Amino acid sequence: MHSYARLFSAQDRAGWLALFVDRPIIIEPADAPLRGREALERAFDDIKAAGVHIALQPLRVIANGHDAAMHMKVRATLPDGSVHESSVIEIFTFANDGRIEVMRAFLDPVQLPN
């Protein structure tokens, strides 16, 4: 889970995507599912194309078997240099090989200027 935050923060697309099964289910926000690797790749690429850098800082991880929850601080740096912080709790279900099958995110939205 710490690799998830570290690789995403480093904008290591290949490394971050390798953490997921081939057909992951990503529900972010928690009521809007994205299915499959293509949707995950697109979401990663859209953030980068917008010139936004997101740094994830794990604050607490609680794991039990194939499931885990991670509370993180999210720091978004916009192209103009402004920084906005929020929190997220992500709930993961892992495959037998340790890759992420399902990820659900509960967002505390970053308040961006208009």
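Scroll up to find the structure this text is about.
In this text, all values refer to a predicted model and were calculated from it rather than measured experimentally.

Thresholds applied
- Residues numbered from 1 in each chain as written.
- Predicted model: local features only at pLDDT ≥ 70, side-chain atom pairs only at ≥ 80, totals over all residues.
- Heavy atoms only, no water.
- Helix = DSSP H or I, 4+ residues; strand = E, 2+ residues; numbered from the N terminus.
- Buried < 20%, exposed > 50% of the residue type's maximum accessible area, 1.4 Å probe, protein only.
- Expected span 1.5 Å × (residues − 1).
- Contact = heavy atoms within 4.5 Å.
- Salt bridge = Lys/Arg side-chain N within 4 Å of Asp/Glu carboxyl O.

## Overview of unusual backbone geometry
Right, so step 1: Residue Q11 is not a glycine yet carries a positive backbone phi of 55 degrees.
Right, so step 2: Position of Q11 relative to the elements: it lies in the loop between α1 (2-9) and α2 (13-17).
Right, so step 3: We classify Q11 as partly exposed; its relative accessible area is 29%.

## As for helix α3 (residues 37-49)
Right, so step 1: With 13 residues, α3 extends 18 Å from end C-alpha to end C-alpha; this agrees with the ideal 18 Å at 1.5 Å per step.
Right, so step 2: Within the span of α3, buried status applies to R37, A39, L40 and F44.
Right, so step 3: Buried residues along α3 sit against α1, α2, β1 (20-27) and β2 (33-35).
Right, so step 4: One or two residues past the end of α3 sits G51, with phi positive at roughly 80 degrees.

## Examining the pattern of salt bridges
Right, so step 1: Counting across every chain of the model gives six salt bridges.
Right, so step 2: A salt bridge links D22 to R99; the nearest nitrogen and oxygen atoms lie 3.8 Å apart. On the criterion of sequence distance, the pair formed by D22 in strand β1 and R99 in the loop between β5 (83-94) and β6 (100-107) is long-range, its members being 77 residues apart.
Right, so step 3: Where E38 meets R23, a salt bridge forms, and the shortest distance between an N and an O atom there is 4.0 Å. Within this pair, whereas E38 is found in helix α3, its partner R23 is found in strand β1, the two being separated by 15 residues in sequence.
Right, so step 4: Accessibility expressed as a relative area gives 58% for R23, which makes it exposed.
Right, so step 5: Salt bridges linked by common partners bring D22, R37, D97 and R99 together as one network.

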